[in-house]
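Tertiary structure, described
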Amino acid sequence: MATAITGARVSCPPVLTQAAVRRRQRPSASVVRMTLVEEKKKAYTLQKSEEAFNAAKELMPGGVNSPVRAFKSVGGQPIVIDSVKGSHMWDIDGNEYIDYVGSWGPAIIGHADDEVLAALSETMKKGTSFGAPCLLENTLAEMVISAVPSIEMVRFVNSGTEACMAVLRLARAYTGREKVIKFEGCYHGHADPFLVKAGSGVATLGLPDSPGVPKAATYETLTSPYNDISTVESLFNANKGEIAAIILEPVVGNAGFIQPTPEFLTALRRLTEDNDALLIFDEVMTGFRLSYGGAQEYFKITPDLTTLGKIIGGGLPVGAYGGRREIMEMVAPAGPMYQAGTLSGNPLAMTAGIHTLKRLQEPGTYEYLDKITGELIQGILEAGKKAGHAISGGYIKGMFGFFFMDGPVYNFGDAKKSDTAKFAKFYQGMLREGVYFAPSQFEAGFTSLAHSAEDIQQTVAAAEKVFSTL
Ligand code: HOZ
């Protein structure tokens with residue numbers, strides 16, 4: 001190709017190898033970096049996601065199979081995911097994101113882990129579901145029982161909702177009482193008795209307690225603000241001998257990230273014992289995340305019953321409930337309390353769970369989660385404050401959250417004071433910078449063993465940039 005070259009260079013052309021010519025024709029490394037950055041920015045489009053989501057809205061209510069995913073509280077366009085690996089995900093427009101949702105918790109060792117995938121392919125060769133006992137159930141049950149202090153026997157189900165629904169029936173069956181105390185902003189799945197002042201999507205969408213739930217189903221559900229011991233005491237006093245159980249998230253993840261005060265869990269343990277009621281920890285989010293033995297190991301408070309989900313299925317649908325042997329032996333067919341499930345204990349979910357837990361047993365796991373999550377939340381809070389925003393937040397191991405308000409946040413009433421409009425703007429800015437948080441102020445964030453120091457640095461740098469625009 002003819003190139004217009006002028007001056008002395010024409011009279012004295014250097015002799016160049018073809019490779020050198022190609023190198024010379026290339027722009028410098030810094031120009032390449034700039035160009036790529038510019039192209040990436042220019043190329044950021046959600047056109048395919050938009051088309052897919054518009055089609056989905058005609059096919060599924062709100063275009064989704066779980067409400068928070070619809071981005072209603074943060075506005076804009078939900079991204080439609082094509083693939084995930086490690087700490088990253090890619091949408092169908094080809095945009096890449098650092099992911100802090102982790103499929104809402106299960107992806108604690110990183111998405112699509114090679115060992116988990118390999119184990120799944122092996123298991124799959126033998127079939128996907130037996131509807132009959134298999135050895136893998138024993139293996140995962142033994143792992144769960146030896147890890148979680150309160151669990152002497154376990155029943156696997158298919159989701160956290162199912163686990164909470166069954167554990168409530170069990171608590172009622174065991175105590176012969178019907179009333180249950182739950183906390184405002186805590187979410188225990190979408191079964192009727194729990195849809196009272198619930199967190200997660202209910203809080204995100206600001207829905208009143210759901211239509212379709214019969215009054216009778218929630219009549220026995222009593223509520224208290226989280227971290228409020230005196231209200232719980234009053235409920236026990238006003239309902240003497242009638243309360244079957246207290247159920248709670250030992251660290252709230254469904255109203256944003258809210259920690260219990262040091263005395264709260266101890267007081268609940270004492271009050272339940274004094275009143276012959278059961279203490280139930282819903283560890284669907286915190287199980288195997290705050291420590292290998294969950295929140296109960298972390299806080300050294302042993303409940304009577306525990307629900308699990310998410311991590312113990314390694315990314316496949318799973319749930320579990322367990323507790324003291326004498327209580328669990330109420331469950332059919334050992335006892336009379338009925339609960340069943342076609343796909344419960346299926347070999348695929350068991351396999352993914354086993355291999356995920358094996359990885360979590362390796363030394364240094366929770367120290368690593370603690371380190372990176374600490375750096376992340378500290379970086380975000382510092383960046384926000386430096387840019388003049390009211391912001392507060394916290395973390396425990398691989399779980400974190402932040403609110404656009406001065407803390408501390410003790411309960412859902414406090415959390416609701418967060419500037420959700422600002423959160424929505426921050427959210428959209430971070431998305432454009434390639435960072436995917438949960439699309440709601442009222443959901444916790446999750447890190448994984450696959451998140452690198454570079455991921456954290458990039459996220460904090462993105463936050464600094466976005467905070468300066470709010
Ligand atoms: N309700 C879950 C989060 N707290 C899952 C939300 C979803 O999958 O969209």
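It should be emphasised that the depicted structure is a prediction, and the values quoted were computed from it without experimental measurement.

**So, the overall build of the chain**
In terms of regular secondary structure, the chain is built from 18 helices and 14 strands. Its C-alpha atoms give the chain a radius of gyration of 25 Å, near enough to 23 Å, the size a compact globule of 470 residues would have. Taking the principal axes of its C-alpha atoms as reference, the chain extends roughly 100 × 55 × 45 Å. In the chain, buried positions account for 53% of the 470 residues. Long-range contacts, defined here as pairs at least 24 residues apart, represent 73% of the contacts in the chain between residues at least 6 apart. Of the roughly 21700 Å² that the chain leaves accessible, carbon and sulfur atoms contribute 55%. Taking the average place of the 44 positive charges on the side chains of the chain and the average place of its 50 negative ones, the gap between the two points comes to 7 Å.

**What to know about the sheet that holds strand β9 (residues 305–309)**
Strand order in the open sheet formed by seven strands is β4-β10-β9-β8-β7-β5-β6, and the pairing between neighbours is mixed. Taken across any chain shown, the strands that pair with only one partner, and hence form the sheet edges, are β4 (153–157) and β6 (221–224). The sheet shows a mean angle of 20° between the axes of neighbouring strands, taken without regard to direction. With five bridges joining them, β9 and strand β10 (residues 319–323) adopt antiparallel strand pairing. From the neighbouring strand, T306 faces β10, where its bridge partner is G322. Running at roughly 165° to β9, helix α7 (residues 160–175) makes contact with β4, β5 (179–183), β7 (243–248), β8 (278–282), β9 and β10 of the sheet. Sheet contacts for helix α10 (residues 229–238): β5, β6 and β7; angle to β6, the most-contacted strand, approximately 150°.

**Thoughts on the confidence of the model for the chain**
Here the chain shows a mean pLDDT of 91. Residues at 70 or above account for 90%. Note that residues 1–34 has pLDDT below 50 and, in this model, five contacts with residues that lie over four places away or in other chains.

**Some points on the packing of helix α6 (residues 135–147) against helix α14 (residues 347–360)**
Put simply, α6 and α14 touch, their axes get as near as 9 Å, and they point 40° apart. In terms of crossing hand, the pair formed by α6 and α14 is left-handed. Between α6 and α14, the residues in contact are L136, E137, T139, L140, M143 and V144 and P347, M350, T351, G353, I354, L357 and K358, respectively. For the contact of α6 with α14, the per-class residue count stands at eight nonpolar, three polar and two charged.

Conventions and cut-offs
- Residues numbered from 1 in each chain as written.
- Predicted model: local features only at pLDDT ≥ 70, side-chain atom pairs only at ≥ 80, totals over all residues.
- Heavy atoms only, no water.
- Helix = DSSP H or I, 4+ residues; strand = E, 2+ residues; numbered from the N terminus.
- Rg over C-alpha atoms; globule rule 2.2 N^0.38 Å.
- Buried < 20%, exposed > 50% of the residue type's maximum accessible area, 1.4 Å probe, protein only.
- Contact = heavy atoms within 4.5 Å.
- Areas by Shrake-Rupley, 256 points an atom, 1.4 Å probe, with all protein chains shown as cover.
- Lys, Arg positive; Asp, Glu negative; His and termini not counted.
- Charge placed at Lys NZ, Arg CZ, Asp CG, Glu CD.
- Pairing = 2+ DSSP bridges.
- Axes fitted to C-alpha atoms, helices over the stretch in contact; angles between N-to-C directions.
- pLDDT = per-residue confidence, 0-100.
- Left-handed = near helix turned anticlockwise from the far one by under 90°.
- Nonpolar A, V, L, I, M, F, W, Y, C, P; charged D, E, K, R; others polar.

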